[in-house]
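Results of the structural survey
The residues making up each chain are set out below.
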Amino acid sequence: LGGMKPVIVVHGGAGRIFKEREEGCRAGVVRAALRGYALLKQGGSAVDAVEEAVRSMEDDPHFNAGCGSVLNEKGEVEMDAIIMDGKNLDSGAVSAVKCIANPIKLARLVMEKTKHMLLTDHGAHLFAQAMGIPEIPGEKLITERSRERWKKNLEPDSNPEEFQKDLGTVGAVAIDSEGNVACATSTGGLSNKMIGRVGDTACIGSGGYADNHSGATSTTGHGESIMKVVLARLILYHMEQGMSPEVAADTALDYMKTRVGGLGGVIVVNKAGEWAARFSTKQMSWATVKDDNLHYGIYAGEKHMKSVDEALASEREGF
């Protein structure tokens, strides 16, 4: 193995996390971080680790990605995802995909099996079929909660903007023992969005960016705002200017807030393995594992720590 100590950081979305969902969100990001870290410990690549962590959260109905995604104006799930390899700047993304369980898997296939970087809608669907990815009925991805919220947002006096504060993109960044970095991000988008709306997640430099020369980041929050400032790339730019991950993240989030009034959250790892999880929203669920220690939290200033062994033991007992 190389000389780098592996690190993984994950987020389960920035916004408002309602009390009754806190525990599930905490458990979900911790599980994702532990899964990704287990791969890194076995000498797995950063790309493998971020894909695995995001897949774990896509399968968890607590998050707005994969199963549990929010619905568009027509009551359907349309999902976006991206993955990027910091070694050669290869990236794969899908947008507006329906009827598959794990968009992040499809994004990785776009990266590895095509000469392209982004496939959308019908074309992504044909590619998924060609790759043998099982199609699942769209209803399988829809939770009671997503449907309830969709209905509420359809009421004439509703304000979907209010609900959109409860934004859940999921993402992961990692550095492996070889010193390679990667990022992955996946989302169901905005509740009651227009059909065909694609946010920041599938856009390289906005939803995520990874470059071995500086580090990797995955973002969450108001997609249109994130796209305006190309948030992920902006953070890496600040790190290239010598800022620590934490200062770079805060500086970029602050700029997004003052310049375009947008709120969000980010996770970052730099090429030295230093990490940060920062947000300008009320909350963001996040977890990280480094040096066999797990850190996690949801509120600003909240940071729990457990050893990985302790965390794995409580995992097995069902948290």
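Residues numbered from 1 in each chain as written. Predicted model: local features only at pLDDT ≥ 70, side-chain atom pairs only at ≥ 80, totals over all residues. Heavy atoms only, no water.

**Things to note about the overall build of the protein chain**
For the protein chain, the helix and strand inventory stands at 10 helices and 13 strands. Relative to a compact globule of 319 residues, whose C-alpha radius of gyration would be 20 Å, the protein chain shows 18 Å and is just as compact. Each principal axis of the C-alpha distribution contributes one length, and for the protein chain these read about 55 × 45 × 45 Å. Looking at the protein chain alone, contacts between residues at least 24 apart form 66% of all its contacts between residues at least 6 apart. Carbon and sulfur atoms make up 52% of the accessible area of the protein chain, which amounts to about 12900 Å² in all. Taken together, the 36 basic and 43 acidic charged side chains of the protein chain have centroids lying 1 Å from each other. (Helix = DSSP H or I, 4+ residues; strand = E, 2+ residues; numbered from the N terminus. Rg over C-alpha atoms; globule rule 2.2 N^0.38 Å. Contact = heavy atoms within 4.5 Å. Areas by Shrake-Rupley, 256 points an atom, 1.4 Å probe, with all protein chains shown as cover. Lys, Arg positive; Asp, Glu negative; His and termini not counted. Charge placed at Lys NZ, Arg CZ, Asp CG, Glu CD.)

**Describing the sheet that holds strand β12 (residues 293–299)**
Spatial strand order, β4-β3-β2-β6-β5-β1-β11-β12-β13: 9 strands in an open sheet with mixed pairing. The two strands at the open ends of the sheet, each matched to only one other strand, are β4 (118–120) and β13 (304–307). Strand-to-strand, the axes of this sheet are offset by a mean angle of 10°, without reference to chain direction. Bridge count for β12 against β13 is 4 bridges, and the pairing is antiparallel. Its bridge partner being in β13, Tyr296 is matched across the sheet by His304. Strands in contact with helix α3 (residues 103–113) are β2 (79–85), β3 (90–97), β4 and β6 (181–187); relative to β3, the strand with the most contacts, it is inclined by about 135°. The sheet contacts of helix α4 (residues 121–130) involve β3 and β4, and relative to β4 the element is tilted by about 105°. (Pairing = 2+ DSSP bridges. Axes fitted to C-alpha atoms, helices over the stretch in contact; angles between N-to-C directions.)

**Some thoughts on the pattern of salt bridges**
Any two side chains of opposite charge can pair if their charged atoms end up close together. What the rule picks out here adds up to 19 salt bridges. Measuring nitrogen to oxygen at the nearest pair gives 2.7 Å for the salt bridge that ties Asp48 to Arg108. A residue pair is termed long-range when its members are at least 10 positions apart, and Asp48 in helix α2 (residues 46–58) and Arg108 in helix α3 qualify at 60 residues. By relative accessible area, Asp48 is classed as partly exposed at 29%. Judged by relative accessible area, Arg108 falls into the buried class, the value being 13%. With a closest N to O distance of 3.7 Å, Glu78 and Lys98 form a salt bridge. Remark: Lys98 occurs in the loop between β3 and α3 and Glu78 occurs in the loop between α2 and β2; sequence separation between them is 20 residues. Salt bridges here are not isolated pairs; linked through shared partners, they connect Lys19, Glu22, Glu23, Arg26 and Glu302. (Salt bridge = Lys/Arg side-chain N within 4 Å of Asp/Glu carboxyl O. Buried < 20%, exposed > 50% of the residue type's maximum accessible area, 1.4 Å probe, protein only.)

**Quick look at the packing of α3 against α4**
Interhelical geometry of α3 versus α4 gives an angle of 80° and a closest axis separation of 11 Å. Here α3 is positioned roughly perpendicular relative to α4, judged by the angle of their axes. Across from Leu106, Leu109, Val110 and Lys113 in α3, the residues of α4 making contact are Ala124, Phe127 and Ala128. The class makeup of the residues in the contact of α3 with α4 is 6 nonpolar, no polar and 1 charged. (Parallel < 35°, antiparallel > 145°, perpendicular 65-115°, else oblique. Nonpolar A, V, L, I, M, F, W, Y, C, P; charged D, E, K, R; others polar.)

**Focus: the UniProt feature "binding site: substrate" (unreviewed entry) in the protein chain**
With numbering matched to this structure, UniProt assigns "binding site: substrate" (unreviewed entry) to Arg197, Val198, Gly199, Asp200, Thr220, Gly221, His222 and Gly223. With respect to the helices and strands, the residue Gly199 is situated in the loop between β6 and β7 (208–211). Owing to a relative accessible area of 2%, Gly199 belongs among the buried residues under this scheme. Excluding its chain neighbours within four sequence positions, the residues that come into contact with Gly199 are Asp80 and Met227. Within the fold, Gly221 resides in strand β8 (residues 215–221). Given a relative accessible area of 7%, Gly221 falls into the buried group. (UniProt positions renumbered as here; feature names shortened; annotations may be inferred.)

**Points about the environment of Ala65**
With respect to the secondary-structure elements, Ala65 resides in the loop between α2 and β2. The spacing of Ala65 and Ala182 is 117 residues in sequence and 19 Å in space, taken between C-alpha atoms. If near-sequence neighbours (up to four positions away) are discounted, Ala65 is found in contact with Met57, Glu58, Gly168, Val170, Ser186, Thr187 and Gly188.

**Structural notes on a nonpolar patch on the surface**
On the surface, a cluster of nonpolar side chains totalling about 250 Å² of accessible area is made up of Met117, Leu118 and Ile204. Checked against the element boundaries, Met117 lands in the loop between α3 and β4. (Patch = residues over 30% accessible without salt bridge, like charges linked within 9 Å, V, L, I, M, F, W, Y side chains within 5 Å.)

**A short note on the nonpolar core**
In this structure, Ile8, Val10, Ile83, Leu106, Ala287 and Val289 are the most contacted members of the largest nonpolar core, which totals 55 residues. Take this core: its biggest share by element is 8 residues, from helix α1 (residues 19–41). Once residues within four sequence positions are removed from consideration, Leu106 is found in contact with Val94, Val97, Ile100, Ala124, Phe127, Ala128 and Ile133. Listed in part, the 33 residues of the second largest apolar core include Val9, Val181, Tyr209 and Ala252. (Core = buried A, V, L, I, M, F, W, Y, C linked by side-chain atoms within 4.5 Å.)

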